[in-house]
Structure formats: C-alpha cells, structure tokens
Amino acid sequence: MRLEDVAEELSVNMPQVRSLVRSGELPAIKVGGRGVWRVERTELEAYIERQYTATREGLKQDDGAAHDGGR
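Here's a quick rundown of the structure. (Residues numbered from 1 in each chain as written. Predicted model: local features only at pLDDT ≥ 70, side-chain atom pairs only at ≥ 80, totals over all residues. Heavy atoms only, no water.)

Examining the environment of Thr-55
Thought 1: Following the sequence through the fold, Thr-55 ends up in helix α3 (residues 41-67).
Thought 2: For Thr-55, a relative accessible area of 46% gives the class partly exposed.
Thought 3: A sequence separation of 25 residues divides Thr-55 from Lys-30, and the C-alpha atoms of the two residues are 30 Å apart. (Helix = DSSP H or I, 4+ residues; strand = E, 2+ residues; numbered from the N terminus. Buried < 20%, exposed > 50% of the residue type's maximum accessible area, 1.4 Å probe, protein only.)

Regarding unusual backbone geometry
Thought 1: Despite not being glycine, Ser-11 shows a phi value in the positive range, around 60°.
Thought 2: Along the chain, the position of Ser-11 falls in the loop between α1 (3-10) and α2 (14-23).
Thought 3: With relative accessibility at 67%, the residue Ser-11 sits in the exposed group.

Nothing here speaks to function; it is all geometry.
Here it is as structure tokens:
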C-alpha cells in the first residue's frame, strides 16, 4: 500500500503516517528508483492490532486507577 492509502485507511494525515514509518512503529520499505514508500497490508493490520491491544491495556489501567481512588 502507498503511504497515501495508509493515511486514508487510518483516517490520519500524511505527516502522521510518515512519523509512524520513521519511528519504526509502522514497518515500510522504499521501492523503485523514485524511492516510493510501501507498507504491506499485513504490517498495517499488525499495527492496528497493536493499537487495539494498547488501548485495551490503557483502559484497564484507567479503570483500576478509578477504582482505587487514583492511588
């Protein structure tokens, strides 16, 4: 997938996608003589799944803090 496609799929802007690629959070490769970035669909799906997991864990922690009075 092109980075533009990834941005559309995630409903984010291109600078956010480039930041994810630069940080290594979203693995991508440069292909061709023009150096076009591509992301495999499986990598995008894995990234999305990691985000779901992180969100669930964050919600669990937030819920635990609410139950113990924030301590």
